[in-house]
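Listed below, chain by chain, are the residues.
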Protein chains: 2
Amino acid sequence: MVRERADAARNRLRVLAAAERLFARRGVAGVTMDEVAAEAGVGKGTLYRRFGDKGGLAVALLDERERELQQGILDGGPPLGPGAPPAARLTAFVAAYLELVATQLDLVLMSETSSPGARLRTGAHAFWRQHCRYLLRDANTPESELRADLLLAGLAAEQVHHWLHDEHRDLTDLTHGLSTAALALIQRHP
Amino acid sequence: MVRERADAARNRLRVLAAAERLFARRGVAGVTMDEVAAEAGVGKGTLYRRFGDKGGLAVALLDERERELQQGILDGGPPLGPGAPPAARLTAFVAAYLELVATQLDLVLMSETSSPGARLRTGAHAFWRQHCRYLLRDANTPESELRADLLLAGLAAEQVHHWLHDEHRDLTDLTHGLSTAALALIQRHP
DNA sequence: GACGTTAGCGGACTCGAGTCCGGTTCGTCA
DNA sequence: TGACGAACCGGACTCGAGTCCGCTAACGTC
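The rules behind each value
- Residues numbered from 1 in each chain as written.
- Chains lettered and ligands numbered in written order.
- Predicted model: local features only at pLDDT ≥ 70, side-chain atom pairs only at ≥ 80, totals over all residues.
- Heavy atoms only, no water.
- Least-squares fit on C-alpha atoms with pLDDT ≥ 70 in both.
- Contact = heavy atoms within 4.5 Å.
- Helix = DSSP H or I, 4+ residues; strand = E, 2+ residues; numbered from the N terminus.
- Expected span 1.5 Å × (residues − 1).
- Buried < 20%, exposed > 50% of the residue type's maximum accessible area, 1.4 Å probe, protein only.
- Near = heavy atom within 4 Å.
- Polar contact = N/O pair within 3.5 Å; in protein donor to acceptor, adjacent residues only side chain to side chain.
- Nonpolar A, V, L, I, M, F, W, Y, C, P; charged D, E, K, R; others polar.
- Lys, Arg positive; Asp, Glu negative; His and termini not counted.
- Salt bridge = Lys/Arg side-chain N within 4 Å of Asp/Glu carboxyl O.

(A) Looking closely at the relation of the copies chain B and chain A. For the pair chain B and chain A, the best superposition has an RMSD of 0.0 Å and corresponds to a rotation of 180° with a translation of 0.0 Å parallel to the axis. Such a combination of rotation and displacement between the chain copies is what one expects of a two-fold axis. Most of the interface of chain B is mirrored in chain A, where 100% of its interface residues are also at the interface.

Put into structure tokens, the structure is as follows:
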């Protein structure tokens, strides 16, 4: 693992700053990759070499926010962090994750829908899945892997976008409803 | 509502037949709309006028299979059709729907991922949602609308594809696991 | 059977994502 | 400090989705 070259590092920062500016001004979907490259003063090849595709660019921009949540899960206070019972941690996760997705909806949407299956391939998703699996397993939930995936499918940006924008649901209600559903899933079936 | 023009009807059938041939031979993702148009002996504009986009073409090809399942739900025998208790009907639906998705995976995938949110906008999806909502409501499940969407999110082609292809899960196990999860969701939370 | 209306047709066109590769710059080692 | 190789740069290029609009032919009317 060698250190990142100076020009590469500079261009990476330029691209992220340019993308942030353009996305803020005109929305994620309304900005082309050519425009990002131009705004960053960089060639298109550079963009793609580093970020893979438009979804990868979104992932990079989300990185910081996601790290914060991951940190809170790993060594923050309960109920999100360690120490609380699994059910409480699970509902805390649902609430915190929904909050994150709702505030970064366009970016998450782009990161998850840039290509079919993109959602399931991000590094962040592997983390959320691992965490949910662990909590369900800890609560002796049967089929914990499957149910973790099921819960996360319901938290997908596409679905959240639909609830929030098409059905005009309120984030608070959504959080409550999904937390309750998560509790139903974590329970052993009688 | 006027009757479909003769040339339009002829071209519709030609396009569907051509698409079916090409998709069978080279996979849904490996066929371009130009090729479908050429194989059907029809212009590209005709394709798009009638089917909207590649996802719409997939929807049209799925139509018959979906109608069969819808028929079975509306007036087939129990447990899928009316007569059985809601929980039994729900697990029967999960099994039947998974079966349908698994056997037409590429087509369903195309119909659901051709554009972001496409899955939630198809007519068929409205039917499945309505049915699940009805069953959950009938069983006095709280937040029945939300939970119906959650269940269907887990049955999305993208997710099923991942379970089946990336994780090499067996369809039978998947059916069993998701049926059990559906039962957890239909239950009133203690 | 001729005529006007209009839905439907089709292929050239636009637009953006993603690829490719010749040229350049950086970091290293003598 | 100079030279070498690897990593990186960038913009021209390809490829496919989806649009547009002048033209054609089907259907209803007389």
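(B) Looking closely at helix 5 (residues 86–103) of chain B. Residues and elements named next belong to chain B. Compared with an ideal rise of 1.5 Å per residue, which puts 18 residues at 26 Å, helix 5 spans 26 Å between its outermost C-alpha atoms and is within 8% of the ideal. Within the sequence span of helix 5, burial applies to Pro 86, Arg 89, Leu 90, Ala 92, Phe 93, Val 94, Tyr 97, Leu 98, Leu 100 and Val 101. Along its buried surface, helix 5 packs onto helix 4 (54–75), helix 6 (105–113), helix 8 (123–138), helix 9 (144–154), helix 10 (157–166) and helix 11 (171–186).

(C) Main features of the protein's contact with DNA strand D. For DNA strand D, the set of nearby residues contains 20 residues, the closest of which are Arg 5, Asn 11 and Gly 45 of chain A together with Ala 6 and Lys 44 of chain B. Of everything in DNA strand D that lies within 4 Å of the protein, sugar and phosphate atoms constitute 61%. The backbone of Gly 45 of chain A places a nitrogen or oxygen atom 3.0 Å from a base oxygen of DNA strand D. Here a phosphate oxygen of DNA strand D sits 3.1 Å away from a polar atom, N or O, in the main chain of Met 33 of chain B. Here the surface near DNA strand D gets four residues from one element, more than from any other, and that element is helix 3 (residues 44–51) of chain A. In terms of residue class, the surface near DNA strand D is built from five nonpolar, six polar and nine charged.

(D) Spatial organisation of the side chain of Arg 147 of chain B. As for its placement among the helices and strands, Arg 147 of chain B is situated in helix 9. Buried and without a salt bridge, Arg 147 of chain B has Glu 143 of chain B as its closest oppositely charged side chain, separated by 7.1 Å. One polar contact links the side chain of Arg 147 of chain B to the main-chain carbonyl oxygen of Gln 187 of chain B, over a distance of 3.5 Å. The contacts of Arg 147 of chain B, once residues within four sequence positions are left out, are Thr 180, Ala 181 and Ala 184 of chain A together with Leu 136, Thr 141, Pro 142, Leu 185 and Gln 187 of chain B.

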